[in-house]
Amino acid sequence: MTRYRGRFAPSPTGPLHFGSLVAAVGSYLEARAHGGEWLVRMEDLDPPRVVPGAADEILRALTACGMQWSGEIVRQSTRNDAYHAALHRLRGRKRVYPCACSRREIADSAIAGIDGPVYPGTCRAELAPGKTARALRIDTREVTVAFDDALQGPVAHDLEKEFGDFVLLRADDVYTYQLAVVVDDAEQGITDVVRGADLLGSTPRQIYLQRLLGVPQPRYAHLPVVVNNAGEKLSKQTFATPIIAANPLPALVATLEFLGQQPPQTLARGTIREFWNWALKNWRLDQVPHRRSAPANSGG
């Protein structure tokens, strides 16, 4: 059987905070509990969102937390050739087409979907006279994707109705997250994806691309997303507090509590080694709450 390979793939838009630590710890423990490898990948595809120095700061925080990754750090910003090759293969399947629509035009004619406006397929047949292609999209007509998530249960989506024909290459020549993640997971041999439930809606689109490219489909487990008192996901935009690298134990113990693992409070007064010894011996994915989000102070 293929050895378990998991990964943590943060976007370097700011320092590691409690919400991203939950995804890191959950994916790390699940990989180590299976005797597998845990890789780290920087999803730095979108230059305007990348904060200089944030990637190194995240890696320092992971190291301070005692988390050790396997192999070299993969950075998406260096992998355009791989994404270009995958896009070429998809175009060979006759499912990719150029789109000339602007965001305003899409917003004016689209209905609301799970992840923003649903593209109505305006350019599927051909570009309107005088229009120039801005992006490349994937045709989602008559595509339904169903899968079983280890925490969220059965998931099924009609891609055309709920997401529309999504973009693979943006107007600014940046490859999109959906394509890059599929290519990277396949090339790195990722068998299991443990990440936040905010990405649950991305999974059916990624599975669709996996099928078209003929690459393996990983198993998925989507952890509850940490939200603030206003119900907003913790992020740089919502002023999430960075993890204190000089003393990460309180945050690590709080992470286990959030993930339903019921750690003894004495762990917060011990050492990093003692923390991981307990966490690895007692980790149970089935104890993680089966919900999409929860406040930071919610455990069990």
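A brief structural summary. Keep in mind that this is a model prediction, so the values were computed, not measured. (Residues numbered from 1 in each chain as written. Predicted model: local features only at pLDDT ≥ 70, side-chain atom pairs only at ≥ 80, totals over all residues. Heavy atoms only, no water.)

## Description of the packing of aromatic side chains
Worth spelling out the cut-off: Stacked, tilted and edge-to-face are the three classes applied to pairs of Phe, Tyr and Trp rings, where Trp contributes its six-membered ring and a pair requires centres within 6.5 Å; stacked means planes under 30 degrees apart, edge-to-face means over 60, and tilted covers the rest. Numbering of helices and strands starts at the N terminus; helices are DSSP runs of H or I of at least 4 residues and strands are runs of E of at least 2. Burial here depends on accessible area, computed with a 1.4 Å probe over protein chains only, as a share of the maximum for the residue type. Under 20% is buried, over 50% is exposed, and the range in between is partly exposed.
All chains considered together, the criterion is met by seven aromatic pairs. Ring geometry for Phe 8 against Trp 38: centres 6.2 Å apart, planes inclined by 10°, an arrangement best described as stacked. Taken together, the residues span a long stretch of sequence, with Phe 8 in strand S1 (residues 5-8) and Trp 38 in strand S2 (residues 37-42) at a distance of 30 residues. The class for Trp 38 is buried, based on a relative accessible area of 0%. Three or more aromatic residues joined by ring pairs form one cluster here, namely Phe 8, Tyr 28, Trp 38, Phe 275 and Trp 276.

## So, the sheet that holds strand S10 (residues 167-169)
Keep this limit in mind: Paired strands, in this sense, are two strands between which DSSP finds at least two bridges. For helices, the axis comes from a line fit to the C-alpha atoms of the stretch in contact; other axes are also lines fit to C-alpha atoms, and the angle between any two N-to-C directions lies between 0 and 180 degrees.
The strand order across the open sheet formed by three strands is S4-S7-S10, and the pairing between neighbours is antiparallel. Of all strands in the sheet, those with a lone pairing partner are strand S4 (96-99) and S10, marking the two edges. The mean angle between the axes of side-by-side strands here comes to 45°, regardless of whether they run parallel or antiparallel. The pairing of S4 with strand S7 (residues 135-138) spans four bridges and is antiparallel. Its bridge partner lying in S7, Tyr 97 is registered against Arg 137.

## Looking at the packing of helix H8 (residues 249-258) against helix H9 (residues 272-282)
Packed helix pairs are characterised by how far apart their axes lie and by the angle those axes make with each other. Formally: Just so you know how the angles are binned, under 35 degrees is roughly parallel, over 145 roughly antiparallel, 65 to 115 roughly perpendicular, and the rest oblique. Contacts: residue pairs with any heavy atoms within 4.5 Å of one another.
Put simply, H8 and H9 touch, their axes get as near as 11 Å, and they point 10° apart. Judged on the interaxial angle alone, H9 and H8 are roughly parallel. Contacts from Leu 249, Leu 252, Val 253 and Leu 256 in H8 reach Ile 272, Phe 275, Trp 276, Trp 278 and Ala 279 in H9.

## Considering the packing of helix H1 (residues 18-33) against H9
Stated formally: Left-handed describes a crossing in which the near helix is turned anticlockwise from the far one by less than a right angle; the clockwise case is right-handed.
Between H1 and H9, the least distance of the axes is 9 Å, while the angle of their chain directions is 65°. In terms of orientation, H1 and H9 fall into the roughly perpendicular class. In the crossing of H1 with H9, the sense of the turn from one axis to the other is right-handed. Of the residues in H9, those in contact with Val 25, Tyr 28, Leu 29, Arg 32 and Ala 33 of H1 are Trp 276, Ala 279 and Leu 280.

## Digging into the nonpolar core
Which entries qualify depends on this criterion: Residues enter a nonpolar core if they are buried and are Ala, Val, Leu, Ile, Met, Phe, Trp, Tyr or Cys, with the set joined through side-chain atoms within 4.5 Å.
Val 25, Trp 38, Leu 62, Met 67, Phe 275 and Trp 276 are the most contacted members of the largest nonpolar core, which has 45 residues in total. Broken down by element, the residue count for this core peaks at nine residues, all from H1. Excluding residues that lie within four positions of it along the chain, Phe 275 makes contacts with Leu 249, Leu 252, Val 253, Leu 256 and Leu 267. One finds Phe 147, Leu 169, Tyr 175 and Leu 212 within the second-largest nonpolar core, a separate group that totals 33 residues.

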